[in-house]
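Fold and geometry: a report
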Amino acid sequence: MSKPAAYALNSKAVAEATAEWLAKRGVTKAEIAELTFFLQKDYYPDLSLAECEENIEAVLSKREVQNAILTGIQLDLLAEEGRLLPPLQEMIRNDEGLYGCDEILALSIVNVYGSIGLTNFGYVDKLKPGILVRLNDKNDGQIHTFLDDIVGAIAAAAASRIAHRKQAEREEARGERQDDVPLP
C-alpha cells in the first residue's frame, strides 16, 4: 500500500481563487476601495482612490483574509442552491438579524488590523454604503449574507492599515520613527 501524498496547498492558487470568486460575485477592488475612501476621506484629505486600492490589495494578500472570503462565498452559494440543512438554510437565505456568524467571520478579517478596523467595520455594517447596498438587495436572487460583511471588513481593514501607515509617515517626517519598527 502506498503512502498518501502529503497535503500541500499552493498559496498562489488560493489567492487566484479568491480573486476569481470575488469577480464571479460581482465585487471589484475599486468598489471596495470606494468604501475605504468613504471611511478615511475626512481624516486624510489628500487620500486617493489609488492609495485605497493599494491597501485593499495588501489586505487581500493575507491568507486569513482569503480563507474568510472563500468560506463566506461558499456558504452563500450553498444557501442559494438550497443545500444547507434547516434551520440554517432559512437563516442564511433571509440574512436573519439574530444570525451573527456572518459578522463573526468578517471579524476574522478586521482583527488582522486592530481596533480601528473594528470600529470602521461596525460603521459600514450599519450604514451599508456603496457596494453594500447592492450586496444587501434581497430581490436579485443572489444571497450575500456573508459576502456583504466580508466586503465591509476588507474595506475597514484597509482603512485601519491606512491610518496606521499615515501615523508612521507623520512620525517619520518628524524624525521620530525608529528603523526597527516595521510599518503595518
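Report on the accompanying structure.

**Digging into the overall build of the protein chain**
- Looking only at helices and strands, one finds nine helices and zero strands in the protein chain.
- Counting from the amino terminus, the protein chain carries its helices and strands in the arrangement α-α-α-α-α-α-α-α-α.
- Overall size of the protein chain, expressed as C-alpha extent along the three principal axes, is 60 × 55 × 25 Å.
- The proportion of buried residues among the 184 residues of the protein chain is 40%.
- With the model as given, the accessible surface of the protein chain reaches about 10200 Å², and the carbon-plus-sulfur share is 56%.
- Charged side chains in the protein chain number 20 positive and 30 negative. The centres of these two groups are separated by 3 Å.

**A few points about the packing of helix α6 (residues 101-110) against helix α7 (residues 115-127)**
- Between α6 and α7, the shortest axis-to-axis distance is 9 Å and the interhelical angle comes to 140°. Judged by the inter-axis angle, α6 sits oblique to α7. Read as a crossing pair, α6 and α7 show a hand that is right-handed. Where α6 abuts α7, its residues E103, A106, L107 and V110 lie against G117, L118, F121 and D125.
- Broken down by class, the residue content of the contact of α6 with α7 amounts to five nonpolar, one polar and two charged.

**Overview of the nonpolar core**
- Grouped together as the largest cluster of nonpolar side chains are 45 residues, with contacts concentrated most on I109, V151 and I154.
- Every element with two or more residues in this core is listed here: α2 (29-40), α3 (49-60), α4 (63-80), α6, α7, α8 (131-135) and α9 (147-173).
- The dominant element in this core, judged by the number of residues it contributes, is α9, at 12 residues.

**Describing the side chain of R161**
- Along the polypeptide, R161 turns up in helix α9.
- Salt bridges are absent for the buried R161, whose nearest opposite-charge side chain, E54, sits at 7.0 Å.
- Among the polar contacts made by the side chain of R161, one reaches the side chain of N55 at a distance of 2.6 Å.

**Here we look at the pattern of salt bridges**
- According to the stated counting rule, one finds 12 salt bridges in the structure shown.
- A salt bridge links E16 to K12; the nearest nitrogen and oxygen atoms lie 3.8 Å apart. Within this pair, E16 and its partner K12 are both found in helix α1 (residues 11-24), separated by four residues, close to a single helical turn.
- By relative accessible area, E16 is classed as partly exposed at 44%.
- E31 is the salt-bridge partner of R134, the closest N and O atoms lying 3.5 Å from each other. Placement of R134 in helix α8 and of E31 in helix α2 is noted, with a sequence separation of 103 residues between them.
- Here E31 falls in the partly exposed class, since its relative accessible area comes to 22%.

**Considerations on the packing of α1 against α4**
- Where α1 meets α4, the axes come as close as 10 Å, and the angle between the chain directions of the two elements is 45°. Relative to α4, the element α1 lies oblique. For α1 against α4, the interelement crossing comes out left-handed. Contacts from S11, V14, A15, A17, T18, W21 and L22 of α1 reach α4 at R63, Q66, I69, L70, I73, Q74 and L77.

Here is what the cut-offs are and how they apply
Residues numbered from 1 in each chain as written. Predicted model: local features only at pLDDT ≥ 70, side-chain atom pairs only at ≥ 80, totals over all residues. Heavy atoms only, no water. Helix = DSSP H or I, 4+ residues; strand = E, 2+ residues; numbered from the N terminus. Buried < 20%, exposed > 50% of the residue type's maximum accessible area, 1.4 Å probe, protein only. Areas by Shrake-Rupley, 256 points an atom, 1.4 Å probe, with all protein chains shown as cover. Lys, Arg positive; Asp, Glu negative; His and termini not counted. Charge placed at Lys NZ, Arg CZ, Asp CG, Glu CD. Axes fitted to C-alpha atoms, helices over the stretch in contact; angles between N-to-C directions. Parallel < 35°, antiparallel > 145°, perpendicular 65-115°, else oblique. Left-handed = near helix turned anticlockwise from the far one by under 90°. Contact = heavy atoms within 4.5 Å. Nonpolar A, V, L, I, M, F, W, Y, C, P; charged D, E, K, R; others polar. Core = buried A, V, L, I, M, F, W, Y, C linked by side-chain atoms within 4.5 Å. Salt bridge = Lys/Arg side-chain N within 4 Å of Asp/Glu carboxyl O. Polar contact = N/O pair within 3.5 Å; in protein donor to acceptor, adjacent residues only side chain to side chain.

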